[in-house]
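Each chain, letter by letter, is given below.
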Amino acid sequence: MRPLVGLLTASLLFAFAQAASAADAKTWVVAWTASVQGPYPVGNPSAQPDQKFAFPDPAIGARDQTFRLMLRPDLWGRQARIRLSNAFGTKPVTFDDVHVGLQWGSSALVRGSNRAVMFGGKSSVTVPPGNSTWSDPVALPFARQPDELAGHRLGVSVHIAGDSGPMTWHAKALTTSYVTAPGAGAKGALEDESAFLYSTASWFFVDAVEMAAAPDAFAIMAFGDSITDGTASTMNGDDRWPDVLSRRLKALYGNRVAVVNAGIGGNQIAGPAEYTPDKPFAGGPASGQRLDRDVLALSGISTLIWFEGINDLGKAGNATVEQVVAAMKDGVARLRKTWPHLRVIGATVTSALGSSNAAHGFPEQDDKRKELNEFIRTSGTFDAVIDFDKVVLDPQSGGLKPEFVPESTTGGPGDKLHPNRTGYLAMGEAIDLGLFKPDRSRSSR
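Everything numeric in this text was worked out from a predicted model, so none of it was measured.

## Points about the overall build of the protein
And step 1. A tally of helices and strands in the protein yields nine helices and 21 strands.
And step 2. Overall, the protein is about 85 × 60 × 35 Å in size when its C-alpha atoms are taken along their principal axes.
And step 3. Of the roughly 17700 Å² of accessible surface on the protein, a fraction of 54% belongs to carbon and sulfur atoms.
And step 4. Between the averaged position of the 43 positive side-chain charges in the protein and that of its 45 negative side-chain charges there is a distance of 5 Å.

So this is what it looks like as structure tokens:
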């Protein structure tokens, strides 16, 4: 009997070891994104403070300054890595004294939370123009119970050694971040707020954060334009429709799901045909030109919700429905070729009829919008469809429902193009959560 007992004991120990190993196993999952869209100041920021004291000359960019960028990871882990981008710079940028810590309030960090970030084991890295780089993994000792950090913001401090030249940025953060005065030097290790004199409503250089997560964790990407970016929602309120979707999914899956935002204000599907730092466009590169960087270079994405097209049909894009459809089909095909199991969901384009925005609001545009929506609903291009048009449309006027019009950022009258906080809430609440049931066989990476 003893050999049998020994065999059973060994088998049980092996099984326990396997279970422990599985429990400890981690995978990288993208937890936050901010699609870079061009060189500052080309873009569409919201509620932006005057930046002339922080950045007197956009051609010089940041000069021996430290950014403290506040961002909210939608999934937390005990390790993180960040991506620094010089995608639209014209000269190499040297980043050093990079730190990550937990926000306390304003630009101050929770005492003892700030951690140095390395790049290939070094404290500095130089990124050539047109490139980006990932940091080494950095331990987050304050994330002892990652579930408890939901909704908290991470402060990412980045020092620019010398002059950056044109700064790669995401204009519409709708989140307050901070920067030191030009020439202030490396201040990233500080946890107090005294050095960070100026505020900004944009994110610079940092465009992605990934977290070490459980093997069954997954990310959903919202890919689109200003209505995904959150125009007309509240500053620091996290009131965009992807934020609403995230909170609903968190109630089901907790810290195993992230909803990340790849919206760019003014973005188009079919245009512009060319985008360079010397020839920028406020809406950023066309969707097809940014798929590799903004989607396919990231980890753990199981589903992508594609919601844009209104800017293509407006006066800025002036594209035909056929051009938009062709570009959208091409983008979906490229995504599936690289990630065959990615679930791609199309979202219908919402009305801009009667908009006060000079590029929108005319009946001819609305006719094209309806034709595009028919393609999204019926073509079979997508795995599923979210009908945002049905959610926000006022059948009597053909535009947005009246209660969705007054904007929530500054209390203005609204432009009848961008839904307000109330509208984004309705959009996020209308999404069928059954579309996002975890399916390991559809994992993107």
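On we go.
## A short note on the sheet that holds strand S15 (residues 203-204)
And step 1. The three strands are arranged S2-S12-S15 in an open sheet whose pairing can be described as antiparallel. The sheet is open, and its two edges are formed by strand S2 (38-39) and S15, each paired on a single side.
And step 2. Relative to strand S12 (residues 168-170), S2 is paired through two bridges, and the arrangement is antiparallel. By the bridge assignment for S12, Pro 39 is matched with Thr 168.

## Side note on the environment of Pro 45
And step 1. In this fold, Pro 45 is placed in the loop between S2 and strand S3 (66-71).
And step 2. Once the C-alpha coordinates of Pro 45 and Ala 352 are considered, the two residues, 307 residues apart in sequence, prove to be 20 Å apart.
And step 3. When residues no more than four places from it in sequence are discounted, the contact partners of Pro 45 are Trp 169, Ala 171, Lys 172 and Ser 202.

## Overview of the confidence of the model for the protein
And step 1. When pLDDT is averaged across the protein, the result is 93; 93% of the residues are at 70 or more.
And step 2. Confidence over residues 1-24 falls short of pLDDT 50; this stretch has one contact with residues more than four positions distant or in other chains.
And step 3. Here residues 441-445 is modelled with pLDDT under 50, and outside its nearest four sequence neighbours on either side it reaches 17 contacts, counting other chains as well.

Conventions we followed
- Residues numbered from 1 in each chain as written.
- Predicted model: local features only at pLDDT ≥ 70, side-chain atom pairs only at ≥ 80, totals over all residues.
- Heavy atoms only, no water.
- Helix = DSSP H or I, 4+ residues; strand = E, 2+ residues; numbered from the N terminus.
- Areas by Shrake-Rupley, 256 points an atom, 1.4 Å probe, with all protein chains shown as cover.
- Lys, Arg positive; Asp, Glu negative; His and termini not counted.
- Charge placed at Lys NZ, Arg CZ, Asp CG, Glu CD.
- Pairing = 2+ DSSP bridges.
- Contact = heavy atoms within 4.5 Å.
- pLDDT = per-residue confidence, 0-100.

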